[in-house]
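Structural overview
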Protein chains: 2
Amino acid sequence: MRMLSAALLTAMIAVSPLAAQTTAPAAPASVVEDFKPSTLNQPGQAYPQVNSQGYARFRIVAPDAKAVKVSLGLGGRGGTVLTKAPDGSWMGTSEGPLDEGFHYYHLTVDGGTFNDPGTLNFYGSTRWESGIEIPAHDADFYALKDVPHGRVEQILFASPSTTSQRRAFVYTPPGYDRNARERYPVLYLQHGWGEDETAWANQGHANLIMDNLIAAGKTRPFIIVMTYGMTNDLRPGGPSGLAAFDIRPFQTVLLNELIPYVDGHFRTLSDQRHRAMAGLSMGGFETKLIAPKHLDTFAYIGLLSGGTMSLEDVNAAPGYRDKVKLTFVSFGSRELEGGRTGPPGGPRSDPRANAAALKQAGLNSVFFVSPDTGHEFQTWRRSLHAMAPLLFRD
Amino acid sequence: MRMLSAALLTAMIAVSPLAAQTTAPAAPASVVEDFKPSTLNQPGQAYPQVNSQGYARFRIVAPDAKAVKVSLGLGGRGGTVLTKAPDGSWMGTSEGPLDEGFHYYHLTVDGGTFNDPGTLNFYGSTRWESGIEIPAHDADFYALKDVPHGRVEQILFASPSTTSQRRAFVYTPPGYDRNARERYPVLYLQHGWGEDETAWANQGHANLIMDNLIAAGKTRPFIIVMTYGMTNDLRPGGPSGLAAFDIRPFQTVLLNELIPYVDGHFRTLSDQRHRAMAGLSMGGFETKLIAPKHLDTFAYIGLLSGGTMSLEDVNAAPGYRDKVKLTFVSFGSRELEGGRTGPPGGPRSDPRANAAALKQAGLNSVFFVSPDTGHEFQTWRRSLHAMAPLLFRD
């Protein structure tokens, strides 16, 4: 428990927006002036913009402000400092190109934290943050296409253990409404620290990733359930705090309340071999804390930038070798470069070597690395895309 | 068409956040110091707060700012001007109590428009705005309770007419998943100008209103479909603009694309007498432009702060008397006081008298007034709550 808490801390530090920056922002000879509005801008908003090299350009209207900064884009200097443009607005361009994919950010205007009014908001860092999208070379796999679409359904379920009505989102695949007798496997998919149940569908595009995989015949259609995992209230300075990290409140909601609700209200295949659990960052740690101890409930386990599964871990979980059909572990390549995969201070556990050891021991172990991305959603979009086709094949 | 455009303009003016203010903010003797965080605050945020009298108190951290203002709370003066508190934050309390219910607002920080980082955001005025909730005496009817809950399902449907994949939200009532043979009537429910398909479920609580009505046995369970109605791009300064208001793009999406998709993918009762159309403000005008001309499609018509239906209107629509089972018209009482119900400059058409004339002529006409509210969501929550039990009773 102590080690996991430390590793959790690492993940929590790594999830900060600064992880968005390239580790060495080697500026190209010149910035190409082909900037276009980010695809996440609010309707009609021209800024922020991105160019073909991955630079981001910001424009904020605040004529009487003294200083405006963006929490993104400058390695080690805490962000992009905007300067006054001739028209009185504040403008600035990231010093180097940003990694492909989605980045959280916010503004500092005269010492206050605000969102960029040009962009949509996404829940991260325990607040709704601004988001920007750097077009990725592989963006096609999560693009909104003219294919049959599944649904993202908001459900509200009673939670006696927390004396509340709780929310989850449920992805049902295309065809779910038509095939009234068909039953589907279920993946329980968790967000990271500071995020919530909206993350995987909003910034993660989990529904579009599935729609496209299913349309291409690359994955078996299944249901995905996404709920809030910070049940123990892990806010900075909150009542429980990091030291009090306790998996039990969330585990109770998941195992005793949500899973029975989903099996009671959706056409699921409700046996162990048709249920998976995976999560990103803190959601991966939650998966590792819950799933190996409940192997009559889960057959597939996915840790996305959320720790590693060693042979020791496997041997400590009775029945793991027989009951777990897949152990999927993934990271962004920059996380591996940065050495952010083990607990600080302790002996570093190499997740790639751990995955190889599991395979060597005869387990179905898959290790996936997202190229040139860090502890961010492009890594997790790619991880889901890589993992989904491997689920529920037995 | 000219008259409708003018009336639309009236509705658009009235939808501005200033309509939130009491018309005469008669300050009580003293402000009661029982302020609590608004229920719409982001997790862990203490401000904004509201007190038992309906006053709102704001606190913004921006230590180096010169001026911070809130677009809410001061009759005729454009908002609440915040002042520097001893701790360096900016604080202020509305001059008078605000109307019960939901209000949009934003900040002006050193001349720039930003959202209050303390609150959740809601799409209105063609941007994501801050929201605050003044507890209403009748808040129970849209409270989240321990009753069976329906779902709010995001669907994506192909729209050849706009060459896009479009989004809608579909409320399915509790029991929809269990009663695999039951079919349900459908209400197509539109948002107002500057809002989008998220409005009715987010700030409107349409799903909770239905859950509670159904749990109390007060309404027949039915499906609600909510999609984006500003298909002709009515942004201020946008390419088409107000003068170019044209119902056809939206009408095509609704009639030729969305309704067939919903009837094809949900267990609907797809005949005329099981289909309703209603909308708030601009959505009411859209309803009035579309439904009376398509009486083989719709049997129930609802205009919520969105115009009036006169006997002339009825007589101009062949078949109206026979085919329309309910004409529901509602306003907030402050809208009627303000005389905001008719086209400016033209002869004022009294919606109450019009409703009475329809009733006199033998039509099922219901006129509903929300007490002490204006052109805002508390009026529309109450309107939906009053209208739902009257739908699909034939």
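The paragraphs below set out a description of the structure included in this document. Because the structure is predicted, anything quoted here is derived from the model rather than measured.

Quick notes on the rules
- Residues numbered from 1 in each chain as written.
- Chains lettered and ligands numbered in written order.
- Predicted model: local features only at pLDDT ≥ 70, side-chain atom pairs only at ≥ 80, totals over all residues.
- Heavy atoms only, no water.
- Patch = residues over 30% accessible without salt bridge, like charges linked within 9 Å, V, L, I, M, F, W, Y side chains within 5 Å.
- Areas by Shrake-Rupley, 256 points an atom, 1.4 Å probe, with all protein chains shown as cover.
- Salt bridge = Lys/Arg side-chain N within 4 Å of Asp/Glu carboxyl O.
- Lys, Arg positive; Asp, Glu negative; His and termini not counted.
- Charge placed at Lys NZ, Arg CZ, Asp CG, Glu CD.
- Helix = DSSP H or I, 4+ residues; strand = E, 2+ residues; numbered from the N terminus.
- Buried < 20%, exposed > 50% of the residue type's maximum accessible area, 1.4 Å probe, protein only.
- Contact = heavy atoms within 4.5 Å.
- Pairing = 2+ DSSP bridges.
- Polar contact = N/O pair within 3.5 Å; in protein donor to acceptor, adjacent residues only side chain to side chain.
- Least-squares fit on C-alpha atoms with pLDDT ≥ 70 in both.

**Observations concerning a positive patch on the surface**
Taken together, the side chains of Lys66 and Lys84 of chain A together with Lys66 and Lys84 of chain B define a basic patch exposed on the protein surface. With respect to the element layout, lysine 84 of chain A can be found in strand S6 (residues 83–84).

**A word on helix H3 (residues 206–215) of chain A**
Where burial is concerned, most of H3 of chain A is hidden: nine out of the ten residues are buried. Taken together, the buried positions of H3 of chain A are occupied by Ala206, Asn207, Leu208, Ile209, Met210, Asp211, Asn212, Leu213 and Ile214 of chain A. Among the structural elements, strand S13 (151–159), strand S14 (164–172), helix H2 (199–202), strand S16 (223–227) and helix H10 (377–387) of chain A together with strand S13 (151–159) of chain B are those in contact with the buried residues of H3 of chain A. In the stretch just after H3 of chain A, glycine 217 of chain A is the one whose phi turns positive, near 70°.

**Observations regarding the sheet that holds strand S4 (residues 68–70) of chain A**
Residue and element names in this part refer to chain A. Taken in spatial order, the four strands of this open sheet run S5-S4-S9-S10, and their pairing is antiparallel. At either margin of the open sheet sits one strand with a lone partner, and together these are strand S5 (80–81) and strand S10 (112–114). Examined bridge by bridge, S4 and S5 share two bridges and lie antiparallel to one another. Looking at the pairing, valine 70 lines up with threonine 80 of S5.

**Concerning the side chain of aspartate 116 of chain A**
Of note, aspartate 116 of chain A is situated in the loop between S10 and strand S11 (121–124). For the buried aspartate 116 of chain A, no salt bridge is present, and the opposite-charge side chain at shortest range is arginine 127 of chain B, 8.5 Å distant. Of note is the side chain of aspartate 116 of chain A, whose polar atom sits 2.7 Å from the side chain of tyrosine 105 of chain A. Those residues within four positions of aspartate 116 of chain A in sequence are excluded, and the remaining contacts are Pro48, Phe58, Ile60, Tyr105, Leu107 and Ser130 of chain A.

**Remarks on the relation of the copies chain B and chain A**
Overlaying chain B on chain A yields an RMSD of 0.0 Å, the required transformation being a rotation through 180° with an accompanying axial translation of 0.0 Å. The relationship between the two copies is best expressed as a two-fold rotation axis. Among all residues of chain B, the minimum C-alpha distance to the rotation axis is found for glutamate 153 of chain B, at 2.0 Å. Taken as a fraction of all interface residues of chain B, those also at the interface in chain A reach 100%, which identifies the copy contact as same-surface.

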